[in-house]
Structure formats: C-alpha cells, structure tokens
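Okay, here's what each chain looks like letter by letter:
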Amino acid sequence: MEPIIRLQDLRFEYLSFEGEEIAALNGVTLDIQKGEFVAIIGHNGSGKSTLAKHLNALLRPSSGVVWIKGMDTRDEDKLWEIRQTAGMVFQNPDNQLVATVVEEDVAFGPENLGLPPEEIRKRVDEALKVVGMQEYAQAAPHYLSGGQKQRVAIAGILAMKPEIIVLDEPTAMLDPVGRHEVMETIKYLNKHEGITVVHITHYMEEAVDADRVIVMEQGKIVLQGTPRQVFSQVKVLKEIGLDVPQVTELAYRLKAEGLDIPLDVLKVEEMVDAICRL
Amino acid sequence: MIRDITIGQFFPGQSIIHKLDPRVKIALTFAFIVIIFFAKTYVGYGLIFAYIAFAVWLSQVPVRYILRGLKPLLFIIVLTFLINVFFTPGSKVLFRIWAFKFTQEGLNQGIFMTLRLVLLVVGTSLLTLTTSPISLTDGIERLLQPLQVIRFPAHELAMMMTIALRFIPTLLEETDKIMKAQMARGADFESGNLFQRAKALVPLLVPLFISAFRRADELAMAMESRCYRGGQNRTRMKILKTTRRDYLAVAVTLLLIAGILLDSYVL
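Worth saying up front: this structure is predicted, and the values here are computed from it rather than measured. (Residues numbered from 1 in each chain as written. Chains lettered and ligands numbered in written order. Predicted model: local features only at pLDDT ≥ 70, side-chain atom pairs only at ≥ 80, totals over all residues. Heavy atoms only, no water.)

### A closer look at the packing of aromatic side chains
For step 1, the next point in the chain: Taken as a whole, this structure holds eight aromatic pairs over all chains when the rule is applied.
For step 2, the next point in the chain: Where Y42(B) meets F112(B), the ring centres are 5.0 Å apart and the plane angle is 55°; that geometry is what we call tilted. On the criterion of sequence distance, the pair formed by Y42(B) in helix α3 (residues 42–59) and F112(B) in helix α6 (residues 104–130) is long-range, its members being 70 residues apart.
For step 3, the next point in the chain: On the basis of relative accessibility, which here comes to 10%, the residue F112(B) falls in the buried class.
For step 4, the next point in the chain: Pairwise contacts between aromatic rings join Y42(B), Y45(B) and F112(B) into one cluster.
For step 5, the next point in the chain: R179(A) extends its terminal NZ or CZ atom over the ring of Y203(A), reaching a point 3.8 Å from the ring centre.
For step 6, the next point in the chain: Positioned over the ring face of F167(B) is R166(B), at 4.6 Å from the centre of the ring. (Phe/Tyr/Trp six-rings, centres within 6.5 Å; stacked < 30°, edge-to-face > 60°. Helix = DSSP H or I, 4+ residues; strand = E, 2+ residues; numbered from the N terminus. Buried < 20%, exposed > 50% of the residue type's maximum accessible area, 1.4 Å probe, protein only. Lys NZ or Arg CZ within 6 Å of the ring centre and 35° of its normal.)

Shown next as structure tokens:
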C-alpha cells in the first residue's frame, strides 16, 4: 500500500539572522504507513520541529519532495487539502486556541473548511467527546489546565477529520498529570480512530509506546526501528546526548556490572521479570 | 485572582433583553441614540425615559450597575447643565446673578442637554451590560458584512476583536508573572515620582512585548495550519436567528420613534 507520508531526500535551508545559510534538514527519506504511530526524538536543533512543519505544508522543502496521501506539498492548489489531511498540534497550548469559548474554538477548523452549520455542530460535539472535554464546551480556555487546553487543541484538529495528526512536543509545557492525559488521548486516537500519529517529543518514556521510533540529529535520521531496537542502542543514544528510558538505563548499568539482563527492557514490569529470573 | 477579571461590563443573565439577537440590539441602540436628539419637549423625554426604564426593568440588571456608568461623567453633565442654563439667549428672565441671566429657555435647554447625556449613557450601558463580548463581536461582524462589498474588512475586524478578547486574560496573567519575577530580583514598581515609575515599567513591558509577538507568530501558524484563509468561504457554526421577541422589540422601538416625531414636529 502507498505510504500516507513519503519524504524523499528532504532538505531545508534557511537564512540565519546573520545571513548565513543553515541546513535544518539534511536529506531525510522516510515512509510512514497509514495507521502507524511514529515517535520522533532528538534534542533541540536536531530538525525534528522543522520536519513536522513540512508535514502540513507550513514549510516547503528547499529540495526533495514531501507527499501527503499522494499530494505534493509544493502544489499550491492542494494546500488546504493537505492541511486538512494532516492536522498539527503545537507545543504551547495557549498560543493555538483562537476563540474565547471552547466549542467555538473547536469549530474554528471546520468553519474554515466552509462546512454547513449542522455538520460543524455534529463534528464539534463528537470531537469534544473523543477527547473527553464535552462538559467544558462552554468554558473559557483560560480557565482550563494545560492538559485540558491541549486536549481542546486536539479536538479542534479532530473536528477537521484528519487522517494524520502531527504533534510537535505537545507535552513539553505540561505537568505530569497533563502529560498523561494528552498521551492517553493520542494513543486512543491511534488505536480506536485509526489516525496516523507523528509524535515529536523529547521525553523518552513517551516514545516507548510507539510502533516506530526515529532518532534525529543534525537534520538527519541517525537511528530508527521499534522502541526496543532503538533504546537498546544505549551507547549510540548517549553519544548524541539523548537519554534512554530510566529502566533501560538501569538495565544497561546492571549489564555493565556483569548481571545477565537483556538490554531491551522498556517498562518497569519487564525489569521486575528480568530481575526475578536471575 | 487575576484570571477572574471580567472583560467589559457584561452582567450575565437570562432576561428577554439578554436573549435578543445582538444585531437587533446594536441597531436598536443606535436608533435610540438618534431619537434622543429629536425629542424637543418634556413629554418626548418622558416617553424616552419610560422606554429605557421599561428595558432596564426587563433586563433585570440592578439599577446601580446602570448608574455606575454615569459616575465618571458627573462633572461633564453638571458643566453642560450650567453652561446651557447661563449661556442660552432668552427673553423670559427668571432671575439674575451678577452679570448672568437665568432664563426659562436656558433652564429648559440645560435640563434637555442633561437628560440627553444621561439617556445616552444609560442606553449604551444597557447594551454592553446585557450582551457578552462574544455576541457583541458576532453582531458587529454580521451588521458590517454588507460593507465588505466596498472592501471594508468586517471579518478581519471581528477576528481581531475575538483574538484580543481571547488573549487579554493570558497577557494579564503573564504581566503578573513577569512583575513578580522582576520584583523578586529587586525591581520597584511602587515608589518614586511619576517619571521614575514609568521608567520602572520598562523591564516589565519589554519582555511582555517580546512574548506577545512570539505568541502572535505561533498563533498565526496554528491558525494557518487549521486552514484559516480569511473570511472567504468561511461558514459559522452558530447562526444568529431573529425570533418573535426581536420583532417585538423592533415594534416597540418604532412606536417610540413615531411618538417622538409626532410630539416634536406635528403637535
């Protein structure tokens, strides 16, 4: 089957404030299948946010091609269709809500698509229900917690019926409770609504549940595979300056001390099993 | 707490006046303002007063809220009254104080001007007290929509108002945060003369502005990624509908207008 997202040798350069040309993306080739849950990790300046912005045509490649559901993002005529297909959730929950009432904000996207009012109403109610925010439909955004605001932002994207949701560090500004809420929502969307998820994060724990983890460094993909494959490469990750999930780190150190523990431990329960087997 | 501020002076309620279509309410307020200046007799002002008193009673907004709007204007109202009383030329002199004549015409003119000002403030206060900022914006957008033919940016204007309303609490919270952060580092916002205080605001305003611009940039990107492309082809979830009570309000106002015109120009 045709992958829903295809990147072909994607490069992106921009001019810095001093006028130097800086390469943010340095030849990224990547296919993402429909229904996949992909986590992209990497530290600041690794190009992961720039990559995200290419997925709904906020940025266009300097060279190379991005296809979203077969649509080339350089094609101006397809711009709105692409943005509707690949919705985007940003880091700061405050700076992406437009309206003064939750349900009006969720309606913003469908209103822009020019849908009839009854259809918008229906979609707004559904979207709020999916993210579990229907009882806040009439609330003002500034009374909500960070996690709730982020769920409203997700509902705003859902109401546009996208096939892909790109989340650019949606949990970076949230407390642990909010982070959990948002992660549960994202997983639900992927599992039960069949939405393709591209989740950009720097919390390794959030990448553990993905189908595939992609590690970026200096505008390139340096490592990819299942979470188990990626996180067992503790040494490589450390060299780039990334962390691994705490449990994996523990396994790595125990192994270094000579204990017989597998390196691909990702969760606490697995760790408990491994230690009990010793 | 700072996030509990109310924007404007909306007084939430479920009265008939609250439920009127905002478009109708705005239009009627304009009609009301105009008709105030057509009244020329005590009977006419009595009619207008009865009309607005009835509206206030229907709205269930406490009278002191309405009168609060008059307080800052008290000085202007008194001044207007005095100037009109003493400087209106007239023949029926009631009495004199030094060089000033106190005439019947002057007294009438003074009272009329005072009544006009008071009714003006009460009428417009009633609009803002009974209409939430959101529906006010909505009403303005739709009333101005016909002007888009001559390229008047009605949608853009309404969008700006909505975003402003959305971000006022956010920016207030942020101001509070920056202020505390600067105070923790020894900034002093409270002492000194006016000039020193204004200077002390610089370390508050600079970060606030920078952050506001960053927010604007991010918001624009988020809006674009949600397919925002201005007012064209845009539909709305909520459609304003005029109902029986709107027609009733219009009918009562038309009666008032007819009454004033009859009273001032025919009888």
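### As for the pattern of salt bridges
For step 1, the next point in the chain: Within the structure shown, the criterion is met by 36 salt bridges over all chains.
For step 2, the next point in the chain: Here E104(A) and K238(B) are joined by a salt bridge, their closest N and O atoms 3.3 Å apart. Residue E104(A) is found in helix α3 (residues 102–112), and its partner K238(B) is found in the loop between α10 (202–225) and α11 (244–266); the two belong to separate chains.
For step 3, the next point in the chain: Salt bridges linked by common partners bring E103(A), E104(A), E111(A), R121(A), D125(A), D138(B), E141(B), R142(B), R234(B), R236(B) and K238(B) together as one network. (Salt bridge = Lys/Arg side-chain N within 4 Å of Asp/Glu carboxyl O.)

### Some details on the sheet that holds strand β1 (residues 5–15) of chain A
For step 1, the next point in the chain: Taken in spatial order, the four strands of this open sheet run β2-β1-β4-β5 (chain A), and their pairing is antiparallel. Looking along the sheet, the strands with just one partner apiece sit at the ends: β2 (21–32) and β5 (71–72) of chain A. (Pairing = 2+ DSSP bridges.)

### A word on the packing of α3(B) against α11(B)
Residue and element names in this part refer to chain B.
For step 1, the next point in the chain: Packing of α3 against α11 leaves a shortest axis separation of 9 Å and a crossing angle of 170°. The orientation of α3 with respect to α11, classified from their angle, is roughly antiparallel. Residues V43, G44, L47, I48 and Y51 of α3 form the contact with α11, whose own contacting residues are V252, T253, L256, G259, I260 and D263.
For step 2, the next point in the chain: For the contact of α3 with α11, the class distribution of residues is seven nonpolar, three polar and one charged. (Axes fitted to C-alpha atoms, helices over the stretch in contact; angles between N-to-C directions. Parallel < 35°, antiparallel > 145°, perpendicular 65-115°, else oblique. Contact = heavy atoms within 4.5 Å. Nonpolar A, V, L, I, M, F, W, Y, C, P; charged D, E, K, R; others polar.)

### Observations concerning the interface of chain B and chain A
For step 1, the next point in the chain: Tallying the contact residues gives 30 residues for chain B and 41 residues for chain A.
For step 2, the next point in the chain: The largest share of the area that chain B buries against chain A comes from R166(B), R226(B) and M237(B), three residues that together contribute 27% of it.
For step 3, the next point in the chain: Counting the contacts that link chain B with chain A gives eight salt bridges.
For step 4, the next point in the chain: The closest approach of N and O atoms between E103(A) and K238(B), which form a salt bridge, is 3.0 Å.
For step 5, the next point in the chain: The tally of links from chain B across to chain A stands at 18 residue pairs in polar contact (both at pLDDT 80 or more).
For step 6, the next point in the chain: Those elements that place two or more of their residues in the side of chain B that touches chain A are α8 (154–184) and α10 of chain B.
For step 7, the next point in the chain: Taken together, the residues of the side of chain B that touches chain A sort by class into 14 nonpolar, five polar and 11 charged. (Buried area = accessible area lost by both parts, 1.4 Å probe. Polar contact = N/O pair within 3.5 Å; in protein donor to acceptor, adjacent residues only side chain to side chain.)

Everything listed here is a matter of coordinates, which is why it stays silent on function.
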